[in-house]
Amino acid sequence: MRRFLVKALQNAGYDVASFDNGLSAYNRLREEPFELLLTDIVMPEMDGIELARRATELDPDIKVMFITGFAAVALNPDSQAPRDAKVLSKPFHLRDLVNEVEKMMAA
């Protein structure tokens, strides 16, 4: 699925860095700034909510979007997910993803 998401965003003109687990993504976020963190909630080594929390500690201006089949978990106030994070629930069309990213980047 990650490959399809990367390709869709690249085709829309975005530069994309892709990682297969939360810890690898976090280590990269520590090295350079990113405008948007697009993450699943369920991932190995560090889940997406923890990754988003740490990412916003590094850069309070980073935009966060969760892709998940567990939207209620991300929206739960106890989850410690960033308050203004967008949640895109599975299943979705790749065009929906690109549209949501475009909206977030324009904001």
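Residues numbered from 1 in each chain as written. Predicted model: local features only at pLDDT ≥ 70, side-chain atom pairs only at ≥ 80, totals over all residues. Heavy atoms only, no water.

A. Here's a closer look at the overall build of the chain. A count of helices and strands for the chain gives five helices and three strands. Beginning at the N terminus, the succession of helices and strands in the chain can be written as α-α-β-α-β-α-β-α. With 107 residues in all, the chain has 37% of them scored as buried. For the chain, contacts bridging at least 24 residues in sequence account for 54% of all contacts bridging at least 6. In the form shown here, the chain has an accessible surface area of approximately 6700 Å², with 49% of it arising from carbon and sulfur atoms. (Helix = DSSP H or I, 4+ residues; strand = E, 2+ residues; numbered from the N terminus. Buried < 20%, exposed > 50% of the residue type's maximum accessible area, 1.4 Å probe, protein only. Contact = heavy atoms within 4.5 Å. Areas by Shrake-Rupley, 256 points an atom, 1.4 Å probe, with all protein chains shown as cover.)

B. Here's a closer look at the confidence of the model for the chain. On average, residues of the chain score 89 in pLDDT, and 90% of them are at 70 or above. Per-element averaging of pLDDT across the chain places helix α4 (residues 71–75) at the bottom with 58 and helix α2 (residues 22–31) at the top with 96. (pLDDT = per-residue confidence, 0-100.)

C. Examining the sheet that holds strand β1 (residues 36–40) more closely. What the three strands build is an open sheet, ordered β1-β2-β3; its pairing is parallel. Looking along the sheet, the strands with just one partner apiece sit at the ends: β1 and β3 (86–89). Averaged over all neighbouring strand pairs, the angle between strand axes comes to 20°, with direction disregarded. Pairing geometry for β1 and strand β2 (residues 63–68), over five bridges, is parallel. (Pairing = 2+ DSSP bridges. Axes fitted to C-alpha atoms, helices over the stretch in contact; angles between N-to-C directions.)

D. Structural context of unusual backbone geometry. In this model, K90 is joined to P91 through a cis peptide bond whose omega is -5°. Mapped onto the elements of the fold, P91 is located in the loop between β3 and α5 (94–106). Positive phi, normally seen in glycine, also occurs at E45, with a value near 75°. Relative to the assigned elements, E45 resides in the loop between β1 and α3 (48–58).

E. Looking closely at the pattern of salt bridges. Considering all chains together, one arrives at eight salt bridges under this definition. One salt bridge in this structure joins E32 and R28, with 2.7 Å as the shortest N-O distance. Among the residues examined, E32 registers a relative accessible area of 31% and is labelled partly exposed. Among the ionic pairs, E57 bridges to R53, the shortest N-O distance being 2.5 Å. Here the residue E57 and the residue R53 both occupy positions in helix α3, the gap between them amounting to four residues, near one helical turn. E57 gets classed as exposed once you look at its relative accessible area, which sits at 55%. Taking the relative accessible area as the measure of exposure, R53 reaches 23% and is therefore partly exposed. Look at the salt bridges and you will find they share partners, linking E50, R53, R54 and E57 into a network. (Salt bridge = Lys/Arg side-chain N within 4 Å of Asp/Glu carboxyl O.)

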